[in-house]
Amino acid sequence: MKIKINIGRILLHLTLIIFLVVNIFPILWMLSSAIKNPNELFTNEIRLIPKSPTMENFFTVFRDYNIANWLVNSVATTLGISVLQVLVAVLAAFGLTYYKTRINEVIFYFFILTMVIPFQVTMIPNYILMSQMKLINTWGAVIIPNIASATTFFFIRQHIRGIPKVFYEAASIEGANSLWALRNVVFSLCKGAISAMFILCVIDGWNLYFWPLLVLSKPETRTITVGLHEFLDHEAGNRWGPFMATATLATLPVIILYVLIQRNIIDAFISSGIKG
Amino acid sequence: MMNVQQRKRLYKHGKQYLGLLVYTLPGILFFLVFKYWPIIYSFILSFKRWNFVGKMRSVGWDNYASMFGKESFTSALMNTLYYIIGLFPFFVVIPLLLAVLLSNIKHEKVQNLYRTMFFTPTILAFSIICLVWMWIFNPSFGLLNNLLMLFGKEGYAWLSEQQTAMLSIIMVSGWKFMGSNMILFIAGLVTISDEYIEASKIDGANGWETFWHIKWPLLSPTTIYITTTSVIFAAERAFTPINILTNGGPGNSTTNLSHAIYLFGFQYFNIGLASATAIFTSVLFLIVTGIMMKGMGGFGYYEN
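Quick look at a nonpolar patch on the surface
Alright, step 1. Together, A:I7, A:L11, A:L14, A:I18 and A:V22 make up an exposed nonpolar region whose accessible area comes to about 480 Å².
Alright, step 2. Mapped onto the elements, A:L11 comes out in helix α1 (residues 2-34).

Listed below in structure tokens is the structure:
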């Protein structure tokens, strides 16, 4: 009996580990390719740890490409989107729980129903709007159309809704106004939820691809995910070494953030879903 | 004339409405301008002929009528269907299997370690992932062909051959979302009460029977949710791997609906046709999400 259980255990872990290797290997392969020299990169040998690791690709990237610009653009647009998206969501969610009127439900559904609007249907009109506002090739063009997010609103509202009434009542007895309640009740009690959502927004914003591709056409305005395209060259061949170095640079901040607070990220993901 | 009571009540009501509007106004503005107005505008544009710069002409239902005669649209629609089918094992079957296996590990730290590692691809940028995989698919020096060579097999030009191009996109997408769907299934499994499982064991059910008669039916909200997202993925978000890995080729063999919209709009500058396709896709989404909502029981709006 004892032995049978152990075999089961071993098989269980073996299956999981096989899938895990498939799951993790491409990421390790990216890191390994970034520190390989061209001779080792372009071979048919499979070697995860390079024989002669080099930082050459990283130097090339900073010397020949606008990577510093791309990183600045990525940081700025990511922060812009995350701060404004969360702020708008917190204000709306707070308003909907603090005040009681007959139109609360209407406004709630007004926000929530946008979940089913596909990106493609808003893409062309929003592009036209941005070009009419003369914002193409600016941070604004990336940030502004991305502020409205039903999932962010929904997640934060679920948490604010959970605050017991007595907290607000205490506020109103002392004659405090709604701003006091927002600061001292909502922000202090939902700090964890709000920051978890903020981090999900940061990851989403950092990984944004399709929209920045449309509105950032000038090389120096690109974000890092869009800038990576410059390594693809169908005539001269793709520059895989420098690409892998850039991909590593773009990925490491996200991985570090994840290692630090993976539990919160997974929990927030379960209750809201990453937008992709 | 109002008495004092009525006036007080009116004042109180007014204050409630005013407060609500002040806090929700930024949200209402952004959602109105960047979510609702675009649908209306797309709808208007779908009856026009326009190329972003010239004069706009009304063409009635022409765009919708010609859409179904265009090879680039019909193959995009068919491919979307193939993607839905092809992604099913990666989005539903494997994650469910992994979730059930993982929930058998009672040691919390070990289980957590597995969860964390499986989830890692989810947080990485899809565009970067696609380019990394493009290198793995490389016909001459890619990891995949090198592996095949190890077993004495001949490699493929994965991304440029008709037989393998779509499979490659499905593999990358499956790889990216396997872990996150697994996490969702685990979250679903946790909510199943131990009493049901204990009861079925007392009735003499084996592991498979417990899964099939207890866990699988009780997991259906999660399954419906994941299936819906995979439909939306096939039609919409698969744009990233398609655009990066194959650009819809060879021919139109790997396009999907969102890639078709992008091609019509931003490569052929046929805004009318692009908008008509976008409206078609939205209606499709609305139907799919409607079915999902029915299956899951709404958004959970309870006024307390």
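Considerations on the interface of chain A and chain B
Alright, step 1. Contacts between the two partners involve 102 residues from chain A, matched on the other side by 96 residues from chain B.
Alright, step 2. Of the roughly 9,200 Å² buried between chain A and chain B, counting both surfaces, carbon and sulfur atoms make up 76%.
Alright, step 3. In this structure, the connection of chain A to chain B is made through 18 residue pairs in polar contact (both at pLDDT 80 or more).
Alright, step 4. When residues in the side of chain A that touches chain B are grouped by element, the largest group, 17 residues, is from α1(A).
Alright, step 5. Looking at the side of chain A that touches chain B, its residues break down into 71 nonpolar, 22 polar and nine charged.

Re the packing of helix α4 (residues 67-98) of chain A against helix α10 (residues 178-189) of chain A
Residue and element names in this part refer to chain A.
Alright, step 1. With their axes 11 Å apart at the nearest point, α4 and α10 run at an angle of 105 degrees to one another. On the basis of the axis angle, α4 is roughly perpendicular to α10. Contacts from V90, L91, F94 and Y98 in α4 reach S178, A181, L182, V186 and F187 in α10.
Alright, step 2. Class assignment for the residues of the contact of α4 with α10 results in eight nonpolar, one polar and no charged.

Focus: helix α3 (residues 71-103) of chain B
Alright, step 1. For α3(B), built from 33 residues, the straight-helix expectation of 48 Å at 1.5 Å per residue is met to within 8% by its first-to-last C-alpha distance of 47 Å.
Alright, step 2. The principal kink in α3(B), of about 45 degrees, is found at B:L87, preceding the proline B:P89 by one to four residues.

A word on the state of the cysteines
Residue and element names in this part refer to chain A.
Alright, step 1. Applying the stated rule across the entire model yields zero disulfides over all chains.
Alright, step 2. Here C201 stays unpaired: no disulfide links it, and the sulfur of C190, its closest cysteine neighbor, is 15 Å away.
Alright, step 3. On the accessibility criterion, C201 (1% relative accessible area) is buried.

Rules used in this analysis
Residues numbered from 1 in each chain as written. Chains lettered and ligands numbered in written order. Predicted model: local features only at pLDDT ≥ 70, side-chain atom pairs only at ≥ 80, totals over all residues. Heavy atoms only, no water. Patch = residues over 30% accessible without salt bridge, like charges linked within 9 Å, V, L, I, M, F, W, Y side chains within 5 Å. Areas by Shrake-Rupley, 256 points an atom, 1.4 Å probe, with all protein chains shown as cover. Salt bridge = Lys/Arg side-chain N within 4 Å of Asp/Glu carboxyl O. Helix = DSSP H or I, 4+ residues; strand = E, 2+ residues; numbered from the N terminus. Contact = heavy atoms within 4.5 Å. Buried area = accessible area lost by both parts, 1.4 Å probe. Polar contact = N/O pair within 3.5 Å; in protein donor to acceptor, adjacent residues only side chain to side chain. Nonpolar A, V, L, I, M, F, W, Y, C, P; charged D, E, K, R; others polar. Axes fitted to C-alpha atoms, helices over the stretch in contact; angles between N-to-C directions. Parallel < 35°, antiparallel > 145°, perpendicular 65-115°, else oblique. Expected span 1.5 Å × (residues − 1). Bend = angle between axes of the 7 residues up to and from the residue. Disulfide = S-S within 2.5 Å. Buried < 20%, exposed > 50% of the residue type's maximum accessible area, 1.4 Å probe, protein only.

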